Structure formats: structure tokens, C-alpha cells
Amino acid sequence: DTAVSQTPKYLVTQMGNDKSIKCEQNLGHDTMYWYKQDSKKFLKIMFSYNNKELIINETVPNRFSPKSPDKAHLNLHINSLELGDSAVYFCASSLWTSGQETQYFGPGTRLLVL
Amino acid sequence: GENVEQHPSTLSVQEGDSAVIKCTYSDSASNYFPWYKQELGKGPQLIIDIRSNVGEKKDQRIAVTLNKTAKHFSLHITETQPEDSAVYFCAASPTTGGSNYKLTFGKGTLLTVNP
């Protein structure tokens, strides 16, 4: 299946822990994104990478560190997790170089910090 | 930066009726306007999009209209079915500026279609 995939789907952890979420796309896209969706369903961009280079970094605490080992992968590492980090995190990708701006979203990672 | 307002936040219709969701945006540089449908427990899925050189676009039961002068765009769903029940998001972005473009989303509309 061609798609954007994320692991894990669910993540329950204690405050203060460090965790990572992984994202992979096999659509041949060159741009990948991380979004945070809060309990009110509001979708907000966190980061964007184009060809492994960070191009968008919204006002996100530096406890959040994205890493793109190659164009098909964008991981998100979160240090010292806080209660307010509980949310659904979505990865997305698009093919900018073709002029296609459509973003395709993954299924989400539901993070609960206790 | 861009600000996208979306109304209503909830919408309940009877099966077979039409549903309309409206969005306004603030940045005149925005020229790409996608609509996403998010079903429970899933990621947002693109259902239709429109660019500023087009005033209206239709795909079966779904249509989107754009008024660039007034900076608003709307999603129209006709002959609604229970499977249309979901959260719908509008978004706006510029398409210039290379890869720096970003989508700004509205806050979503929970559409419920009652059988």
C-alpha cells in the first residue's frame, strides 16, 4: 500500500520520560510535516522538512526535536514529556517540486502523558 | 500570518439534505484551499481543493466555491449520507515561497448526518 505510516499508533507514558514517534512515506514525496491535534481537534503545524532539510519550525518547545534521516522518513523525539504534550500527532507528506501542494496524512499517534 | 475561521463548529442534518460549511481567511497571498475529512480515529483525508484561479469546483456530491475578493470559501455537500458524518477542516496556504508554504487550518466542523 502506498501511504504515510506512523508508529506507534498509541503511546502512554509517564511525565518526564523521553519518547520517539516514527513516520515513513512511500509516496515518493520530498516534503514531510509534523502536526499536533489537541483535544479540541485543532490541527497545528509543528515542523516541515524538505529533502531532509528543516524549513518550518513553528513555536514549538525545544524538547521536541525532529530528525529526517532521508526523504522518506521524519521522526519526532520528545524529551521530558509534560502533561500538555498529550495529543494526537500526525505526520504528513507532499510533493512540492511537482507544484502539487496536496498533503497526505498518516493515521496519527495518540500520545497520553500521565 | 494567515488566520482561517470556520463555521459552524457543529452541524446536524437529515440524510438527503445539503450541508454547507464556510471559511474565511485573512492573508491575500493565500491561493490554495483544500478541504479535509477526518473520520473518528483516522488522519485527515483530502476530499476536494480549489485554487484561486477557479471560482468553483465540483466532484460528485461535493462542491467548493471561492470568493477571493471577500476572502471566503465554502464546502457544499448535497444528498448527505450517514457516512458523510465526520469532522471537516478547511485550510489555506500560499503556493509561492517555495517549500516554505504551510497550511493553516480552520478549527473544524463536526458534521452529523442523521438517518
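Here the structure is shown first, and the text comes after it.
This one's a predicted model, so the numbers in the text were calculated from it and none came from an experiment.

If you tally the helices and strands in chain A, you get zero helices and 11 strands. Along chain A, helices and strands appear, N-terminal first, in the series β-β-β-β-β-β-β-β-β-β-β. On C-alpha atoms alone, chain A measures out to a radius of gyration of 13 Å, which is about the 13 Å that the 2.2 N^0.38 rule sets for 114 residues. Along the three orthogonal principal directions, the C-alpha set of chain A runs to about 40 × 25 × 25 Å. Burial analysis of chain A (114 residues in total) assigns 46% to the buried set. In chain A, of all internal contacts separated by at least 6 residues, the share reaching a separation of at least 24 is 54%.

A few words on the pattern of salt bridges. Inspection of every chain in the model, using the stated rule, returns nine salt bridges over all chains. For A:Glu58, the salt bridge is made with A:Lys44, and the minimal N-O distance between the two is 3.8 Å. In this pair, A:Glu58 is assigned in the loop between strand 6 (53–57) and strand 7 (64–70) and A:Lys44 in strand 5 (residues 43–50), connecting sequence segments 14 residues apart. When the shortest N-O distance is used, the salt bridge between B:Lys37 and B:Glu39 registers 3.5 Å. Assessed through its relative accessible area of 31%, B:Glu39 is described here as partly exposed. One salt-bridge network, in which partners are shared between bridges, spans A:Lys44, A:Glu58 and B:Lys102.

Basis of the calculations
Residues numbered from 1 in each chain as written. Chains lettered and ligands numbered in written order. Predicted model: local features only at pLDDT ≥ 70, side-chain atom pairs only at ≥ 80, totals over all residues. Heavy atoms only, no water. Helix = DSSP H or I, 4+ residues; strand = E, 2+ residues; numbered from the N terminus. Rg over C-alpha atoms; globule rule 2.2 N^0.38 Å. Buried < 20%, exposed > 50% of the residue type's maximum accessible area, 1.4 Å probe, protein only. Contact = heavy atoms within 4.5 Å. Salt bridge = Lys/Arg side-chain N within 4 Å of Asp/Glu carboxyl O.

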